[in-house]
Amino acid sequence: MLDFIFGALLYVVFPLLCGGLIALPFWLSRKIMIGNIIGSVIIAFIMVILVMRTYGNFIGDQDICRQSNYESPVCNQDSTDIIYTMFGLVGVSWLDVFGLFAISGLVEDSQRRRNINPDMF
């Protein structure tokens, strides 16, 4: 259970938090699109690093398997599991980007409400 919580924090919350924190100054200065683009690029960069990390772990397990003449417990892994994991990471990254856009909409609405001039009515 602890691995699941750590994985959720690492793969879902961390990229969204980093992208949102970097995009926040742009959002507050009412440059919403620039903030969204920069935040999305940060999320994509973090997810590419996480995919490379997962792939590196898989390659390391395969090397351990070859060195132990296919008698290690990691040799029982199905090689298609890594494909499902990578597709899952790509799906999570899209969810992070959609979450970033939702947060930017909330920030834009709060900025719009704050900057309404009562003399306009």
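Residues numbered from 1 in each chain as written. Predicted model: local features only at pLDDT ≥ 70, side-chain atom pairs only at ≥ 80, totals over all residues. Heavy atoms only, no water.

Before we move on, can you summarise the nonpolar core with the specific residues and values?
The nonpolar side chains of a soluble globular protein tend to be buried, and buried together. If you look at the biggest cluster of nonpolar residues, it comprises 13 residues, and the most contacted ones within it are Trp27, Ile43, Met47, Leu50, Leu89 and Leu100. Taken together, the elements giving at least two residues each to this core come down to helix 1 (2-28), helix 2 (32-67) and helix 3 (81-114). In terms of residue count, helix 2 provides more of this core than any other element does, six residues in total. Once residues lying within four places of it in the same chain are set aside, the contact partners of leucine 50 are Leu10, Tyr11 and Leu89. (Core = buried A, V, L, I, M, F, W, Y, C linked by side-chain atoms within 4.5 Å. Buried < 20%, exposed > 50% of the residue type's maximum accessible area, 1.4 Å probe, protein only. Helix = DSSP H or I, 4+ residues; strand = E, 2+ residues; numbered from the N terminus. Contact = heavy atoms within 4.5 Å.)

So what's going on with helix 2? Which residues, and what values?
Under the 1.5 Å per step criterion, the end-to-end length of helix 2 is 52 Å for 36 residues, consistent within 8% with the ideal 52 Å. Positioned one or two residues after helix 2, asparagine 69 has a phi angle of 55 degrees, which is positive. (Expected span 1.5 Å × (residues − 1).)

Residue-level account of the packing of aromatic side chains, with values.
Taken as a whole, this structure holds one aromatic pair when the rule is applied. Judged by centre distance (6.0 Å) and plane angle (35 degrees), the ring pair of tryptophan 94 and phenylalanine 98 falls under tilted. Residue tryptophan 94 and its partner phenylalanine 98 are both found in helix 3; the two are separated by four residues, about one turn of the helix. (Phe/Tyr/Trp six-rings, centres within 6.5 Å; stacked < 30°, edge-to-face > 60°.)

Describe unusual backbone geometry, naming the residues involved and giving the relevant values.
Of note, arginine 30 is a non-glycine position whose phi angle comes to about 65 degrees, a positive value. The residue arginine 30 is located in the loop between helix 1 and helix 2 in this model.

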